[in-house]
Amino acid sequence: MPQIPTIPGTIISPRSEQDRWLKSYVARLCQMDHERFPGSQPVSFALEHLQQLEHRDYWVCEKSDGVRVLFFLQTDLTSGSQAVYLIDRRNDYYEVPGFWFPHHERRKEPLGDTIVDGELVIDVDPRTKKETLRFLTFDCLVVNAQNVMSRTLDKRYGRLKEWFFKPFSMMMQEFPHMAASQAFDIKVKNISFSYGVEEVFQVVIPALHHGNDGLIYTCVETPYTPGTDPNILKWKPPSENSIDFKLVLRFPPLSGNISKPDYHAKPFFALHVYCGDEQGRPKYESYDELFVDDDEWEMMKSSGEQIDDRIVEVYWDPVTSHWRKMRFRDDKLHGNYRTVVENIIQSIADGVEKDTLLERSAAIRHAWKARARPQQPSQRGPDTATQMPSNGPSLGHAQPPNAPLKYGPLATSRWSRVSGPPVFAGMHR
């Protein structure tokens, strides 16, 4: 099991004046009417989403096994000073010193307020075993005080690379000694078209120096949406789908005094599901049982850690038909919401395996290319379309009879030498 990194920096005291100011400031930058965590959350991949990948353009990237955080750069343009904060899913803020980000055009000036999305991971060099804390960013909400959440993913990703990362990367190449003061390295995640998932499986994931937790598909056409976004799909192999519950231990009574629990006995490991807040307090309901064998229980006791009342990540073991523990998730304030749990269970039942994704890639690619073709006019002259082979257009060969078009016919145009008039504006063509 890959190591989950600890968020660096100094936590801002919850409900302090600085905490309230930061949350209010971020809410204004993100144009939100609340001060909750502004990050988007994916839905679990189900069988129905295969068709969704055909109908709309999606990008795909590997899902790193780390800690999800937002990176908030707060800039005082009067003094030129900058402060960096990491925001976790609990909506806690951690101030991280040692960073400075230049403006994308005026390199001697600071980059303005910026919020980018990403994950903290621990990369382990396979040769030296050296560990490097790294922030992998893949989306942005605000860049240089400009809110870009309403823009499409390709535009947001472009801003992320050109305005946020490129100037910073160039500065680090020029002044490599600055890395010594920084708590972590920063990289931009590579993203592929949805039909390029085979390369992600065969090239990208094997080259990782950190754990992988599946795939993330993000719709290119839709805006960045805080909270659960049905246009972001989290895929895992059915056998690796996991759920976060709250673990509640229930000990049997003492044989001599039934009013007191027997803390030396093995307890009942209850899994409670998060049902939202009720009158300002989180509400949980009993959902199922976690199976813990005797050896696991002995290891839990010998660890000396608190077990009760923690968020635990579990997976379904189809052999024993039980939920089994993967790890504790102290980075999460609550377990998965009830509807999320139901969606994940449905995803497990649907069983969209890796082979199914790969087999569907050709159809997804064909549909993507079909959408990219220009619309054909309703009225056309004589059919002068030529074949478009995979290595580009070829105007020198007629379309073979009964051969299917690979990309579709050329669009007719008044200015085209193929289908336009021989004379235009008094000039022979």
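Quick caveat, the model's predicted, so the values are computed rather than measured. (Residues numbered from 1 in each chain as written. Predicted model: local features only at pLDDT ≥ 70, side-chain atom pairs only at ≥ 80, totals over all residues. Heavy atoms only, no water.)

Regarding the nonpolar core
How we decide: Buried Ala, Val, Leu, Ile, Met, Phe, Trp, Tyr and Cys residues that are joined via side-chain atoms within 4.5 Å together make up what is termed a nonpolar core. To sort residues, take the accessible area from a 1.4 Å probe on protein chains only and compare it with the maximum for the residue type: under 20% means buried, over 50% means exposed, and anything in between is partly exposed. Strands are runs of DSSP state E lasting at least 2 residues, helices are runs of H or I lasting at least 4, and numbering of each runs from the N terminus. By definition, residues are in contact when any of their heavy atoms lie within 4.5 Å.
Counting residues in hydrophobic clusters, the biggest one holds 55 residues, and the most contacted among them are Phe71, Phe101, Phe184, Ile186, Leu215 and Tyr217. When residues in this core are grouped by element, the largest group, nine residues, is from helix α3 (residues 153-174). Excluding residues within four positions of it along the chain, leucine 215 makes contact with Val60, Cys61, Glu62, Lys63, Val197, Val200, Phe201, Ile205, Leu233, Lys234, Trp235 and Leu357.

Examining the confidence of the model for the protein
Let me state the cut-off plainly: Confidence of the predictor in every single residue is expressed as pLDDT, which spans 0 to 100.
Here the protein averages 86 in pLDDT, while 87% of its residues score no lower than 70. Low pLDDT (under 50) marks residues 378-425, which in the prediction has 59 contacts with non-local residues, meaning those over four places away or in another chain.

Regarding the pairing of strand β15 (residues 268-278)
Looking along a regular strand, one sees side chains alternate from face to face of the sheet. Definition in use: Only strands joined by at least two bridges in the DSSP assignment are considered to pair.
Within β15, eight of the 11 residues are buried, leaving the element largely enclosed by the surrounding structure. For strand β14 (residues 242-250) and β15, the ladder comprises five bridges, and the chain directions are antiparallel. Within β15, the position partnered with leucine 249 by the bridge is phenylalanine 269. Where β15 folds back on strand β16 (residues 281-289), the antiparallel hairpin that results is connected by two residues, among which glutamine 279 adopts a positive phi of roughly 55 degrees.

Looking at the packing of aromatic side chains
Test applied: Between the rings of Phe, Tyr and Trp (Trp by its six-membered ring), a pair exists once the centres lie within 6.5 Å; its type follows the angle of the planes, with under 30 degrees stacked, over 60 edge-to-face, and the other angles tilted.
In this structure the tally under the stated criterion is 26 aromatic pairs. Measuring from ring centre to ring centre gives 5.5 Å for tyrosine 195 and tryptophan 368, while their planes differ by 85 degrees; the resulting arrangement is edge-to-face. Taken together, the positions of tyrosine 195 in the loop between β11 (192-193) and α4 (197-204) and tryptophan 368 in helix α7 (residues 354-372) put the pair 173 residues apart, joining distant regions of the chain. Taking the relative accessible area as the measure of exposure, tyrosine 195 reaches 16% and is therefore buried.

Things to note about the packing of α4 against α7
Defined as follows: Fitted lines through C-alpha atoms serve as axes, helices being fitted only where they are in contact, and the angles separating the N-to-C directions of these axes extend from 0 to 180 degrees. Throughout, the term roughly parallel applies to angles under 35 degrees, roughly antiparallel to angles over 145, roughly perpendicular to angles from 65 to 115, and oblique to all others. Ten residues, namely Ala, Val, Leu, Ile, Met, Phe, Trp, Tyr, Cys and Pro, are considered nonpolar, four, namely Asp, Glu, Lys and Arg, are considered charged, and the remaining ones, Gly among them, are considered polar.
Direction vectors running N to C along α4 and α7 enclose 130 degrees, while the axes themselves pass 8 Å from each other. It follows that α4 is oblique to α7 by the angle criterion. Across from Val197, Glu198 and Phe201 in α4, the residues of α7 making contact are Lys354, Leu357, Leu358 and Ser361. Here the contact of α4 with α7 is composed, by residue class, of four nonpolar, one polar and two charged.

A look at α3
Our working rule: Under the convention used throughout, the expected extent of a helix is 1.5 Å for every residue step, that is, one less than its residue count. To get the bend at a given residue, fit one axis to the seven residues ending there, fit another to the seven starting there, and take the angle between those axes.
With 22 residues, α3 ought to run about 32 Å at 1.5 Å a step, and its terminal C-alpha atoms sit 30 Å apart, in line with that. Along its length, α3 reaches its greatest deviation from straightness, about 45 degrees, at phenylalanine 165, and the proline proline 167 lies no more than four positions downstream.

Observations regarding α4
As a reminder of what qualifies: The arc under discussion is defined with respect to the helix axis, by the directions toward the C-beta atoms.
Every buried residue of α4 is accounted for by Val197, Val200 and Phe201. Axial view of α4: buried residues confined to an arc of 95 degrees, hence all on one face.

Considerations on the pairing of strand β3 (residues 58-64)
Most of β3 is tucked away, with seven of its seven residues classed as buried. Strand direction decides the pairing type here: β3 and strand β12 (residues 212-219), joined by six bridges, are antiparallel. Looking across to β12, one finds that serine 64 is bridged to asparagine 212. Sheet analysis places β3 next to β11, joined by two bridges and oriented antiparallel. Counted as the bridge partner of valine 60 is serine 192 from β11.

Describing the sheet that holds β16
Read across the open sheet, the five strands follow the order β16-β15-β14-β17-β18; overall the sheet is antiparallel. The strands lining the two open edges of the sheet, one partner per strand, are β16 and β18 (322-328). Strand after strand, the sheet turns through a mean of 50 degrees between neighbouring axes, direction not considered.

With respect to the sheet that holds β3
Strand order in the open sheet made by the five strands is β2-β13-β12-β3-β11, with mixed pairing throughout. Looking along the sheet, the strands with just one partner apiece sit at the ends: β2 (40-44) and β11. In this sheet, strand β13 (residues 227-235) lies alongside β12 in antiparallel orientation, the contact comprising four bridges. Counted as the bridge partner of isoleucine 216 is lysine 234 from β13.

Side note on the side chain of threonine 222
Tracing the backbone through its elements, the reader meets threonine 222 in the loop between β12 and β13. Each residue touching threonine 222, except ones within four places of it in the same chain, is listed here: Arg56, Arg151, Thr152, Leu153, Arg156 and Asn231.

Focus on the environment of asparagine 257
The condition is simple: Identification of polar contacts relies on pairs of N or O atoms within 3.5 Å, with a donor-acceptor requirement for protein atoms, meaning one able to donate a hydrogen and the other able to accept it, and with residues adjacent in sequence counted only if both atoms are side-chain atoms.
Looking at the secondary structure, you find asparagine 257 in the loop between β14 and β15. Within the local environment of asparagine 257, its side chain forms a polar contact with the side chain of serine 259, the two groups lying 2.5 Å apart.

Considerations on the side chain of aspartate 113
For clarity, the cut-off: His is not counted here, nor are the chain ends, while Lys and Arg score as positive and Asp and Glu score as negative. Here a salt bridge means any side-chain nitrogen of Lys or Arg lying within 4 Å of a carboxyl oxygen belonging to Asp or Glu.
Inspection of the secondary structure assignment puts aspartate 113 in the loop between β6 (93-96) and β7 (114-124). Despite its burial, aspartate 113 pairs with no opposite charge; the closest candidate is arginine 28, at 8.2 Å N-O. Polar side-chain contacts of aspartate 113 include one of 2.4 Å to the side chain of tyrosine 25. Every residue in contact with aspartate 113, bar those within four places of it in the chain, is listed here: Tyr25, Leu29, Leu73, Gln74, Thr75, Val142, Val143, Asn144 and Ala145.

Digging into the pattern of salt bridges
Taken as a whole and assessed by the stated rule, the structure comprises 30 salt bridges. Between aspartate 57 and arginine 371 there is a salt bridge whose closest N-O contact spans 2.5 Å. Taken together, the residues aspartate 57 in the loop between α2 (49-55) and β3 and arginine 371 in helix α7 connect sequence positions 314 residues apart. For aspartate 57, a relative accessible area of 18% translates into the label buried.

As for unusual backbone geometry
Positive phi, normally seen in glycine, also occurs at lysine 129, with a value near 65 degrees. Counting through the fold element by element, lysine 129 comes out in the loop between β7 and β8 (131-143).

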